[in-house]
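# Tertiary structure, described
The primary structure of each chain is shown beneath.
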Amino acid sequence: QVQLVESGGGLVQAGGSLRLSCAASGRTFSNYAMGWFRQAPGKEREFVAAISRSGGSTYYEDSVKGRFIISRDNANSAVYLQMNSLKPDDTAVYYCAARRVYNSDSYYIGEYTYWGQGTQVTVSS
C-alpha cells in the first residue's frame, strides 16, 4: 500500500501561482511513477501531468503545458506540481496518484493504483 497526502491548494487570483505537494509513504517511493489529475465540478477527472520514477521524463496535458511543472524528490518521497499563470478553468480538486512501474525512465499514462484525497484549487477571475 502507498499512502498519498496532497497539500498546498487554496484560493488564488487569475495569473497567480500555487505549488502543490504530495507526500508519499508506505513503499519505496522511487519504484513508482507519479501523476497529477484534477476534477472540476460536474466534470470527469482528467490527467494533468506525469513524471517517471527517476524524474527525468515528464508529460503534460496540452492546456497546462508551459504553465505547470511536475517534479519529484525521491529522497523525501514527494512529488510537486508548480502551477503558474493560473486561469479560472484550472479550478478543480487536484489529486496525486502512484503506479508501480519497472521502467525508471518513462512516465506512465494509464490507470493509476493509488490516489490521494485531493486538494482544492480555486482560481478567481
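Residues numbered from 1 in each chain as written. Predicted model: local features only at pLDDT ≥ 70, side-chain atom pairs only at ≥ 80, totals over all residues. Heavy atoms only, no water.

### Things to note about the state of the cysteines
As enumerated under the stated definition, the model contains one disulfide in all. With a sulfur-sulfur separation of 1.9 Å, Cys22 is cross-linked through a disulfide to Cys96. A torsion of 45 degrees about the S-S bond marks the disulfide between Cys22 and Cys96 as right-handed. Taken as a pair, Cys22 in strand S3 (residues 18-25) and Cys96 in strand S9 (residues 92-100) lie far apart in primary sequence, 74 residues in all. A residue is classified by how much of its surface remains accessible, and Cys22, at 1% relative accessible area, is buried. (Disulfide = S-S within 2.5 Å. Helix = DSSP H or I, 4+ residues; strand = E, 2+ residues; numbered from the N terminus. Buried < 20%, exposed > 50% of the residue type's maximum accessible area, 1.4 Å probe, protein only.)

### Points about the sheet that holds strand S1 (residues 3-7)
Reading across the sheet, the four strands line up as S1-S3-S8-S7 and stay open at both edges, with antiparallel pairing between neighbours. Each end of this open sheet is capped by a strand with a single partner; those strands are S1 and strand S7 (68-73). Here the average twist between neighbouring strands, direction ignored, is 15 degrees. As paired strands, S1 and S3 are joined by five bridges and run antiparallel to one another. Residue Gln3 lies in a different strand from S3, and its bridge partner there is Ser25. (Pairing = 2+ DSSP bridges. Axes fitted to C-alpha atoms, helices over the stretch in contact; angles between N-to-C directions.)

Purely geometric stuff here, so don't read any function into it on its own.
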